[in-house]
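Fold and contact review
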Amino acid sequence: MYIVIAGGGKVGRSIAVDLLREGHQVTIIEQQEGRCEQLLRDHDVLVILGDATDVRYLEQARPERADVFVATTRGDDVNFVACQLALTTFDVPRVLSRVNSPRNEELFTKMRIEAVSTTTLISRLIREQATVGELIHLYTLRAGKVNLVEIDIPPGAREYQQSVADLHLPTESVLVCIFRGEETLIPRGDTVLRPGDQVIALTTPELEDTLRAAVLDGQGR
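Residues numbered from 1 in each chain as written. Predicted model: local features only at pLDDT ≥ 70, side-chain atom pairs only at ≥ 80, totals over all residues. Heavy atoms only, no water.

1. Some remarks on the packing of aromatic side chains
Threshold: Two rings belonging to Phe, Tyr or Trp (six-membered ring only in the last case) form a pair when the distance between their centres is within 6.5 Å. Interplanar angles under 30 degrees mark stacking, angles over 60 mark edge-to-face geometry, and anything in between is tilted. In this text, helices come from DSSP runs of H or I with a minimum length of four residues, and strands from runs of E with a minimum of two, each type numbered from the N-terminal end. In this scheme, Lys NZ or Arg CZ marks a charge over a ring once it lies within 6 Å of the ring centre and within 35 degrees of the ring normal.
Following the criterion strictly, the structure yields 1 aromatic pair and no others. When the ring of F80 is compared with that of F108, the centres are 5.3 Å apart and the planes differ by 70°; the resulting orientation is edge-to-face. Linking F80 in helix α4 (residues 76-88) with F108 in helix α5 (residues 105-110), this pair joins segments that are 28 residues apart in sequence. Its guanidinium or amino end placed over the ring of Y2, R65 lies 4.6 Å from that ring's centre, counting from NZ or CZ.

Written out as structure tokens, the structure is:
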């Protein structure tokens, strides 16, 4: 298969690596030059520097030949526009998108975009892996009042050293996974967070700042 991926961040890169490993052809569209350079340096993949919502850059990826188009950026608006262009302008037969806000999932689906909600996927992960105590906290968060929070620990934070058990997390918060390079970790009490980790958590909107502060406290904040 030939797959075009909009977004060369951690999610897009991980998908590309898996597909390349299985022998598929992949093109990534990414607008951050540094990410493009890293992708070209680390992987045998075609990378286009540009905005996936701009037809000029999409054309370079030849999406009319693609079997699948995937949008993986952190911006639902960017993903939506890129997917709509793939569907309407280039007639890609299958279009999938990362949906960062669960509220947008229905809209994407109505527009023939296969919506992949990180919250939904992580919820499944939690049901299979989390402790009963964590599940109790999670299910106390009512639908529509849950924020999916991504917390990046700066790679240069050399003094950062914090285990999950030592974090002073707000009660209505759950750490659900950690992206570390190409790895996806399910956090346990003895899991030690490292510089460069991306921590994914669920919490209520009013506790988001408190949660971020608690996770980043290992830097001495």
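2. Some details on the pattern of salt bridges
Two side chains with opposite charge may pair up if their charged atoms get near one another. In plain terms, the rule: Every case where a carboxyl oxygen of Asp or Glu lies within 4 Å of a side-chain nitrogen of Lys or Arg is listed as a salt bridge. Relative accessibility thresholds used throughout: buried, under 20% of the residue-type maximum; exposed, over 50%; partly exposed, between the two (1.4 Å probe, protein chains only).
Under the criterion given, the structure shown has 12 salt bridges. Across the pair E30 and R35 runs a salt bridge whose closest N-O atoms are separated by 3.6 Å. For E30, a relative accessible area of 4% corresponds to the buried category. When the shortest N-O distance is used, the salt bridge between R94 and E114 registers 2.8 Å. Placement of the pair is R94 in the loop between α4 and β5 (95-99) and E114 in strand β6 (residues 114-117), with a sequence separation of 20 residues. Here the salt bridges share partners, and the residues they tie into one network are R74, R98, E150 and D152.

3. So, α4
Think of an α-helix as 3.6 residues a turn; residues three or four steps apart then line up on the same face. The criterion, for reference: Expected helix span is taken as 1.5 Å per residue step, with the number of steps being one fewer than the number of residues. Here a residue-residue contact requires only that any non-hydrogen atoms of the pair lie within 4.5 Å.
For α4, with 13 residues, the first-to-last C-alpha span of 18 Å sits near the 18 Å given by 1.5 Å per residue. D76, N79, A82, C83, Q84, L85, A86 and L87 are the residues of α4 that are buried. Where α4 is buried, its residues contact α3 (55-60), β4 (68-71), β5 and α5.

4. Re the environment of P170
Looking at the element boundaries, P170 is found in the loop between β8 (162-163) and β9 (173-180). On the basis of relative accessible area, P170 is assigned to the buried category, the value being 11%. Sequence spacing of P170 and R212 is 42 residues, and the spatial spacing of their C-alpha atoms is 9.9 Å.

5. Quick word on the layout of surface pockets
In this approach the atoms are scanned with a rolling probe the size of a water molecule, which exposes any empty space left behind. Formally: Cavity and pocket criteria rest on a 1 Å grid covering protein atoms alone: a 1.4 Å probe that fits but cannot get out defines a cavity, protein on both sides within 12 Å along at least 5 of 7 lines defines an open pocket, and an atom within 4 Å of a point defines a lining residue. Grid points are joined across faces, edges and corners, and a volume is the space filled by probe spheres set on the points.
Roughly 450 Å³ of volume is contained in the second largest pocket. G8, G9, E30, Q32 and R35 are the residues nearest the centre of the second largest pocket, which is lined by 23 residues in total. Elements represented by at least two residues in the lining of the second largest pocket include exactly α1 (10-21), β2 (25-30) and α2 (33-42). Sorting elements by how many residues they give to the lining of the second largest pocket places α1 first, with 3 residues.

6. Points about the nonpolar core
Under the convention used in this document: Think of a nonpolar core as a cluster: buried Ala, Val, Leu, Ile, Met, Phe, Trp, Tyr and Cys residues, connected wherever their side-chain atoms sit within 4.5 Å.
In this structure, V4, I29, F69, V92 and V95 are the most contacted members of the largest nonpolar core, which totals 22 residues. Elements supplying a minimum of two residues to this core: β1 (2-6), β4, α4 and β5. For I29, the contacting residues outside a window of four places in its chain are V4, I5, A6, G7, G8, I48, G50, D51, A52, Y57, L58 and A61.

7. Some points on unusual backbone geometry
Even without glycine at this site, R62 takes up a positive phi of about 55°. As for its position among the elements, R62 is in the loop between α3 and β4. For R62, a relative accessible area of 40% translates into the label partly exposed. For D91, which is not a glycine, the phi torsion comes out positive at approximately 55°. Relative to the helices and strands, D91 resides in the loop between α4 and β5. The exposure class assigned to D91 is exposed, which follows from its relative accessible area of 61%.

8. Structural notes on the sheet that holds β1
Inclusion rule: By the convention used here, strands pair only if DSSP detects at least 2 bridges between them. Axis definition: a line fit to C-alpha positions, over the contact stretch in the case of helices; interaxial angles, taken between N-to-C directions, run 0 to 180 degrees.
Read across the sheet, 6 strands follow the order β3-β2-β1-β4-β5-β6 without closing on themselves; strand pairing throughout is parallel. Strands with a single pairing partner mark the edges of an open sheet, and in this sheet they are β3 (46-49) and β6. Across the sheet, the axes of successive neighbouring strands diverge by a mean angle of 20°, strand direction being ignored. Bridge count between β1 and β2: 5 bridges; the pairing is parallel. In the strand pairing of β2, I3 is matched with V26. α1 rests against β1, β2, β4 and β5 of the sheet, and its axis sits at about 170° to β1. Contacts from α2 reach β2 and β3, with the element oriented near 170° to β3.

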